[in-house]
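# Descriptive analysis of the structure
This is what each chain is made of:
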Amino acid sequence: MLSTAPALAQDSVADEAAGDPIILYHPYRDTYITVLATGHAEPIVRSGQSISVVGADEIEAVQGPDLTRVLERLPGVTTARSGGLGSQTSLFVRGANSQQLLVTIDGVRMADVAAPSGGFDLGTLLTGGIAKLELLRGSNSVAWGSDAMGGVLAVTSKTPGGLAGSLEYGANDTLTAGAEAGLAGDGYSLGVSGGYTRTDGISAYAAGTEPDGFRQWHGTVNGEAELASNLSLRAVARYADSTVDFDGYPAPNYTFADTPEYQNTRQGSGRVGLDYNGDGLNLAAGLALSDTRRAYFDPTYGTAPNFETQGRSWRADMKGRADLTDAFVLDFGADSEWTRFSTTYDAQQDARLSSGHALLGYHGGSVHLTGGVRLDDHDRFGSHWTFGANGAVELAGDLRLRASFGEGFKAPTLYQLYGYGGNVALRPETSTAFDAGVELGDRGGYRHFAVTLFRRDSRNLIDYVWPTGYFNTARARAEGVEAELTGELTEGLRGYASYSYTKSVNRQTGKDLARRPRHAFSTGLEWTTPLHDLAVGADLRVLSSSFDDAGNFTRLGGFALVTLRASLPVTETVELYGRVENLGNKQYQTVAGYGTYGRSAFAGIRARW
């Protein structure tokens, strides 16, 4: 009998005759642990929520700096990008607006509070230095507060051990380089990682001839020091500087065309805190900073920026976990966030949001139940209560039933209140989400299967109504089904498949939400051959058609993309790899009028010491 029993790096199977465990090793076992359910690390099978975890080995196997190629393997996920690598990138989870997805990097909330909708641009986040991705699909504001209406994406940076480096070159004169170094001793660890990517790119304007390039360098430093028994100091800092070219609407026709415009984005984030791990009580407290500055340039009119924004948030937080009995556990926390924004044309404005929450969990035998409540107090909108509950029941072996209910809450952004078209009478956006499903094992285990039904209702959605400004204009519903299958097919051969049907509709107009294809399918195989451990892989991504606009006037055609991959260990420390994306040279668009890559080949080398 094979089992995906709880483990971090291996599965063990009892051999009843011999009394010894048989160890089945496979590389993705860090995917067994998640922080998304309650804010604390725990086995994913103890939660009734829909959570997917991707480990560093899978990210590395996919290859390349484009994070969307990794995320699109997961059910319920679609993306839209306005041009090539580094361009504005939106991530839709179960049909929710991309701004309703909370993104954290090493525990720091990364929303750009100076952006009109306050979301995070996934185009500025590359795969370099990432150790783990965790995606929660569904509303979960009890544990995560404002912005978690559509879900939560938690990104964890690598904590390097030793030295490692990589170099990749390919289509459109694209170069990606990365390096990392780390050391650890008695009671301390320190890691540094960084990367650089540049590309000539493609024309953002699909019919254009001028390529729009992208350049980014980024770096992360993290460390930990044991101050006393059970007490540790943790600190992490990240900085990224990105420049991306884009096309606009030049005079005299003011229609979409090639232009020399470009945007520079500088992101700084970090957190410092104390962790206490005692007998039956864990506490963590810290202070986090996130700062995003954007500058827009049009060389046609000079070298100075024509528009600048600055958004900053400080966040003080405390969370804890108390083991009340052998079966009951209490997760609790409190935090305050101070945000500030300004632009070239808008004076500085500030806001404060303070919150407290508690989750009571029962984990007895084969039954896992969790329920909680959160109180948010906004200095402009007053208090708002949020509720949530989830449960999982283990039926036999690794098979379990799970279900969850969650509420979401998102306060209007400072830009929506005080920026261009701002409206101080806006109300917070809210959501209510349900899902239920059956699941076998976990995604990184020997075998995994899951089917989930879901529905989310959103109210008071904020949109810009031209030419007046921002208003609470819409109600939306997203409902559908997700299915996922992963596992070892034979020795050395691993496969995955995910399918999602998502109907996302504006309930006032009956129209589909923009850029939300109803059908999304991903599948692939990875085979480690007997030939010097040569690994080959293939991926297929299929999307149905969708509409580019809220009125459903402009249709985006469906498409299918194929990628081939290979890697070959040269020595114990050096590996060569390569891939071909969009093998069929398919012409397609995820945003109407914006270009996408044709057939593209890349090759690289990785080394570890």
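As a reminder, the structure under discussion sits directly above these lines.
Residues numbered from 1 in each chain as written. Predicted model: local features only at pLDDT ≥ 70, side-chain atom pairs only at ≥ 80, totals over all residues. Heavy atoms only, no water.

### Let's talk about a nonpolar patch on the surface
On the surface, L227, L233, V272, L274, L287, W314 and W338 cluster together into a nonpolar patch covering about 620 Å² of accessible area. As for its placement among the helices and strands, W338 is situated in strand β20 (residues 328–343). (Patch = residues over 30% accessible without salt bridge, like charges linked within 9 Å, V, L, I, M, F, W, Y side chains within 5 Å. Areas by Shrake-Rupley, 256 points an atom, 1.4 Å probe, with all protein chains shown as cover. Salt bridge = Lys/Arg side-chain N within 4 Å of Asp/Glu carboxyl O. Helix = DSSP H or I, 4+ residues; strand = E, 2+ residues; numbered from the N terminus.)

### Considerations on unusual backbone geometry
A cis amide bond, omega 5°, links A251 with the succeeding residue P252. Among the secondary structure elements, P252 is positioned in the loop between β16 (231–245) and β17 (262–277). Backbone torsion omega between W466 and P467 reads 0°, so that peptide bond is classified as cis. Within the fold, P467 resides in the loop between β26 (447–465) and β27 (469–490). The backbone of N172 shows a phi angle near 60°, a positive value even though the residue is not glycine. Looking at the element boundaries, N172 is found in the loop between β12 (162–170) and β13 (174–185). Of note, N552 is a non-glycine position whose phi angle comes to about 60°, a positive value. You can see N552 is positioned in the loop between β31 (546–547) and β32 (555–556).

### What about the packing of aromatic side chains?
The tally for this structure, following the rule as stated, stands at 15 aromatic pairs. Consider the rings of Y262 and F297, whose centres lie 4.7 Å apart with planes at 10°: the pair is stacked. Here Y262, found in strand β17, pairs with F297, found in strand β18 (residues 281–297); they are 35 residues apart in sequence, far enough to count as distant. Its relative accessible area of 26% is what places Y262 among the partly exposed residues. For the ring pair Y464 and Y470, a centre distance of 5.2 Å and an interplane angle of 75° mean the geometry is edge-to-face. (Phe/Tyr/Trp six-rings, centres within 6.5 Å; stacked < 30°, edge-to-face > 60°. Buried < 20%, exposed > 50% of the residue type's maximum accessible area, 1.4 Å probe, protein only.)

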